[in-house]
Amino acid sequence: MTDYAYAFGLGIGTHNSNQEWLEVFFAQPLLQPPAELIAAIPASDNTSTLSREQLAALEAALATAGATSQAQLAAQLAAADAPVVAVLLHRDEAPQTVPEAYLKLHLISHRLVQPHGTNLQGLFGILPNVAWTSEGAVDIAELPARQLAARLRGQTLEVSCVDKFPKMSNYVVPAGVRIAHTARVRLGAYLGEGTTVMHEGFVNFNAGAEGPGMIEGRISAGVVVGSGSDLGGGCSTIGTLSGGGNIVISVGRDCLIGANAGIGIPLGDRCTVEAGLFVTAGTKVTVLDADGKSAQTVKARELAGQSGLLFRRNSSNGAVECLSNRSAVELNAELHAHN
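Residues numbered from 1 in each chain as written. Predicted model: local features only at pLDDT ≥ 70, side-chain atom pairs only at ≥ 80, totals over all residues. Heavy atoms only, no water.

**Q** Go over the UniProt feature "active site" (unreviewed entry) in the protein chain, please, and point to the residues and values.
**A** Per the UniProt annotation, the sites labelled "active site" (unreviewed entry) are E216. Mapped onto the elements, E216 comes out in the loop between strand 14 (213-215) and strand 15 (218-219). Overall, the relative accessible area of 30% leaves E216 in the partly exposed class. Those residues in contact with E216, other than ones at most four positions away along the chain, are M198, E200, G201, D230, L231, G232, G233 and G234. (UniProt positions renumbered as here; feature names shortened; annotations may be inferred. Helix = DSSP H or I, 4+ residues; strand = E, 2+ residues; numbered from the N terminus. Buried < 20%, exposed > 50% of the residue type's maximum accessible area, 1.4 Å probe, protein only. Contact = heavy atoms within 4.5 Å.)

Right, here's the structure in full:
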C-alpha cells in the first residue's frame, strides 16, 4: 500500500434487500489522509464493507496510529445496526461504487474540494434512483411493500422525493450558511460561508457559491458563483448537464443576475444582467462605446469572461446591448453578517 492517498471516509448507510448500497453518510471525510492513518487500514480495495469485528480491529489500529478522531468514529459505528463501509481512494479517479460516489459528494459539501475539483465522471451511472422517505432511503422496487407495511401499522410512509441525489442538509450543514428550503440544495453542492439560499433558490451537485452571496435563482450543475454576487429570483444559469457543451459557465465576483434573467456564457467580475434578459452564447449583442453609441455587434460568446459589463435590452427596439458597468452590486451586509 502506498504512503499517500486522495481521500478516506468511514461511512454508515443503507442497503436494499439484495445488500446493495443505496446511500452512505460520512461524518468525517478526509482529503489526503496522513500516512499513519493509511497504514492502519487493512483493506486493499477502495471500498470495504466492515463487520463489527473488523471495525474493532480498525479502531485499535487507528488509535495506535494516532488517528484519534477516526478511531472514536469507528467505535461509534461498531455499535450501529446499519451497514458500515470504509472507502480509501488512492487516486482521484472516477467513482466505481456508490460509497465512493457519496464520499466524493461529501468532499464538495464539506468544502474540502471545490466544484470541478474531483473526478465525478460516470456518477449518474453509479448512483441508484432512490425513494427518499420518512424512514430513510428505500429501493424503488421495494417501496410498495414498505408503504403497505407502514399502513398496516396505522402510519403513512412519507415520500419526499424520488431522485439519485438526497438533499445536502441531511448529510452536511456547512458553517455560516442559511438555506430557506433544504430540499433545493443537493448533496454535492458547495456553499461557502456567508451564502444564503432563499426559498426559490436551487444549487445542484458539483456547483455552488463561494460566499458571501444571495441565491434566489438556479445554480445548475457545474456552475460556480463568485463572492459578493446576487442571483435574483427566478434567474437561471445553463449548466454542463443542460446542453452547455464544453463551456463551463461561471459567475464572477460582485455580479448581479436580475430576476428571471439567465446566462449561457461565463461572466467576469462586476457584471450585471438586467431582469428578464437571457444571454446565451449566440445572442447578438450591440456593444456601446463610452458615449453610449453603437460600436459593433458581436455574439455574446465573444464577451465571455470579461469583467465590468452591463447587459440590458433596449426598451425601444428590443436589441440586447452591452456597456460598461460603472457600479458593482453591493450585498446587504446585515443579511450576511448573522449566518
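**Q** Outline the pattern of salt bridges, listing residues and values.
**A** The full count for this structure, using the stated rule, is seven salt bridges. One salt bridge connects E135 with R146, and the closest N-O pair in it is separated by 3.1 Å. Of the two residues, E135 sits in the loop between strand 6 (130-133) and strand 7 (136-139) while R146 sits in helix 6 (residues 143-152), which places them 11 residues apart along the sequence. R146 gets classed as partly exposed once you look at its relative accessible area, which sits at 29%. Each of E135, R146 and R153 takes part in salt bridges that share partners, so that together they form one network. (Salt bridge = Lys/Arg side-chain N within 4 Å of Asp/Glu carboxyl O.)

**Q** Let's hear about the nonpolar core: which residues, and what values?
**A** The biggest cluster of nonpolar side chains holds 67 residues, and the ones touching the most others in it are Y102, I219, I257, V273 and F311. By residue number, the principal contributor to this core is helix 4 (residues 98-109), which donates seven residues. Summarising the domain contributions, this core has at least three residues from each of domain 1 (7-126) and domain 3 (171-337). The residues contacting Y102, other than those within four sequence positions of it, are L22, E23, V24, F26, L127, W132, K164, P166, Y171 and L187. One finds F8, L37, A86 and L88 within the second-largest nonpolar core, a separate group that totals 20 residues. (Core = buried A, V, L, I, M, F, W, Y, C linked by side-chain atoms within 4.5 Å. Domains from an automatic or database assignment.)

**Q** Give me the sheet that holds strand 13 (residues 207-209): which residues, what numbers.
**A** As summarised here, the arrangement of the four strands in space is 10-13-16-19, forming an open sheet in which the pairing is parallel. Only two strands of the sheet have a single partner each, and these edge strands are strand 10 (189-191) and strand 19 (250-251). (Pairing = 2+ DSSP bridges.)

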